[in-house]
Amino acid sequence: MDFQLSEEQKMIQQAARDFAVRECLPGVIERDEQQKFPREQIEKLADLGFLGMMVKPEYGGAGLDTVSYVLAMEEISKIDASVSVCMSVNNSLVCYGLQEYGTEEQKQQYLVPLAQGKKEGGLYIGAFLLSEPEAGSDATSQQTTAEDNGDHYLLNGTKNWITNGGSASVYLVIAQTDRSKGSKGINAFIVEKSWPGVTVAAKENKMGIRGSDTHTILFSDVKVPKENRIGEDGFGFKFAMKTLAGGRIGIASQALGIAGGAFERARDYSKTRKSFGTEIMHHQAIAFKLADMALKIEAARLLCLKAAWEKDQHLNYDISSSMAKLYASETAMWTAVEAVQVHGGYGFVKEYHVERLMRDAKITQIYEGTSEVQRIVISRGILK
């Protein structure tokens, strides 16, 4: 078993680290306070090829492996999880779903500009629309409907908690076509935000990842051409489940990065802050906290890389991605809380960053399936 990164992977990791420090760190506190979408940072990610990292070059992507994607996500998330979640959705959910299951026409029309992050000189990203007011982790309870009208579907319903909701140009929408068929009556559609009947509603005022663009999206008699359905009739539920498995790797990597960012700030602070005549890193209570942080982060990193490696090897990664997402998100929350504690009163102050990382960490335990959902996936897998 080889734990060494390739030279290309090291280069990707370093490029992401440099980008995060140079482009994301300046203004990160202000963007958080103002809930400002990091458009400039996302556009520069597109220039780096980071919005279509795993997309084949013939479709405008960088053609990199999932391990490289995990490394890049970790480094950017250390600094600004609002930037990394936009990157994650475009890569793990939208581009992946289209590349794996879209037709050649769909790939040419939508995947190519999505992988490049640009179209006609403007930002061009996607969003994944599954969650509803009554259907979050329970994807079978879709209330959004797509009525089959011959050459098109008529889409009606509400989707919420949509990352990139206001800034995306393209939506991948999961909707119910035939309720009598249960999960086999669900379809996935490519919908353009500019189409009549699509409304971008309220922006959520969130506790964390406040720079990310989270909206409710409304559909009222939206005509969706038949050619914009993804896969065969009734494939939508399987499409959502298969796509979300890869999405968990992205969120696990985000959680890993948040944990790493909190740890690094706590470690560095402990080397300069003095109490009782010496730097606090010399106090066993602090040293043990830092040791536990490093241990949990390394374990989370190995889980993330294993899930990424299994995906690259075309193995079943359902269990490994859920394990990575569950453990990394719990590690992120625990580490961020401990980092605040290491900082003492300063940890409660925005300029030291750890309070923001703590707020950002919480969402990683919720989206792409809560911690409870991950335990269900894992338990079903190991008991099968």
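Rules of the game
Here the residue numbers are simple positions, counted from 1 along each chain's written sequence. Where totals are concerned, whole chains, interfaces and linings use all residues; where local detail is concerned, this predicted model gives features only for residues with pLDDT of at least 70, and gives and counts side-chain atom pairs only at 80 or more. Excluding hydrogens and water, the side-chain figures rest on all heavy atoms present in the structure. By definition, any uninterrupted DSSP run of H or I lasting at least four residues is a helix, any uninterrupted run of E lasting at least two residues is a strand, and each is numbered from the N terminus. Here the expected span of a helix is defined as 1.5 Å times the quantity of residues minus one. Under the scheme applied here, a residue whose accessible area is under 20% of the maximum for its type counts as buried, over 50% as exposed, and between as partly exposed, the area being computed with a 1.4 Å probe on protein chains only. For each structure, a 1 Å grid was placed over the protein atoms alone; sets of points admitting a 1.4 Å probe that cannot get out are labelled cavities, open sets with protein on both sides within 12 Å along at least five of seven lines are labelled pockets, and lining residues have an atom within 4 Å of a point. Grid points are joined across faces, edges and corners, and a volume is the space filled by probe spheres set on the points. Amino acids are sorted into nonpolar (Ala, Val, Leu, Ile, Met, Phe, Trp, Tyr, Cys and Pro), charged (Asp, Glu, Lys and Arg) and polar (every other residue, Gly among them). The pairing test for Phe, Tyr and Trp rings, Trp by its six-membered ring, is centres within 6.5 Å, and the orientation test on the planes gives stacked under 30 degrees, edge-to-face over 60, and tilted for anything in between. Counting as a charge over the ring demands two things of the Lys NZ or Arg CZ atom: a distance within 6 Å of the ring centre and an angle within 35 degrees of the ring normal.

1. Details of helix 4 (residues 66-79)
Over its 14 residues, helix 4 runs 21 Å from end to end, which matches the ideal 20 Å to within 8%, given 1.5 Å per residue. Counting buried residues along helix 4, 14 of its 14 residues qualify, which places the element largely inside the surrounding structure.

2. Considerations on empty space enclosed by the protein
This structure, assessed with the given rule, holds 2 cavities of 30 Å³ or more. Its volume calculated, the largest cavity comes out at about 50 Å³. Looking at the largest cavity, the residues that line it are Val28, Arg31, Asp32, Lys36, Pro38, Asp80, Ser82, Arg210, Gly211, Arg356 and Asp360. For the lining of the largest cavity, the secondary structure elements donating two or more residues are helix 2 (28-34) and helix 10 (354-363). Here the lining of the largest cavity takes 3 residues from helix 2, the largest share from any one element. Tallied by class, residues from the lining of the largest cavity come to 2 nonpolar, 2 polar and 7 charged. Of the voids in this model, the second largest cavity is the one considered here, and its volume is about 30 Å³. For the second largest cavity, the full set of lining residues is Met54, Thr66, Tyr69, Ser92, Tyr96, Gly246, Ile249 and Lys311. For the lining of the second largest cavity, the elements supplying multiple residues, two or more each, are helix 4, helix 5 (81-101) and helix 7 (236-272).

3. Observations regarding the packing of aromatic side chains
Following the criterion strictly, the structure yields 8 aromatic pairs and no others. Taken together, a centroid distance of 6.1 Å and an interplanar angle of 90° make the contact between Tyr269 and Tyr352 edge-to-face. Taken as a pair, Tyr269 in helix 7 and Tyr352 in the loop between helix 9 (318-343) and helix 10 lie far apart in primary sequence, 83 residues in all. Judged by its relative accessible area of 10%, Tyr269 falls in the buried class. Take Tyr352: its relative accessible area is 25%, and that puts it in the partly exposed class. An aromatic cluster is present here, built from Tyr101, Phe128, Phe235 and Phe239 joined pairwise through their rings. Across from the ring centre of Tyr153, 5.2 Å away, lies the NZ or CZ of Lys226, which sits over that ring.

4. With respect to the layout of surface pockets
The space that makes up the largest pocket amounts to roughly 1400 Å³. Taken together, 49 residues make up the lining of the largest pocket; nearest its centre are Leu130, Leu244, Arg248, Glu368 and Gly369. At the level of secondary structure, the elements contributing two or more residues to the lining of the largest pocket comprise helix 5, strand 5 (152-163), helix 7, helix 9, helix 10 and helix 11 (371-383). In terms of residues, the lining of the largest pocket owes the most to one element, helix 7, which gives 8 residues. Counted by class, the lining of the largest pocket contains 25 nonpolar, 13 polar and 11 charged residues. When its volume is computed, the second largest pocket comes out at roughly 490 Å³. Along the walls of the second largest pocket sit 14 residues, with Asp2, Phe3, Leu305, Lys306 and Trp309 positioned nearest its centre. When residues of the lining of the second largest pocket are assigned to their parent elements, the largest contribution, 7 residues, is made by helix 8 (residues 284-312). Classifying every residue of the lining of the second largest pocket by side-chain character gives 7 nonpolar, 2 polar and 5 charged.

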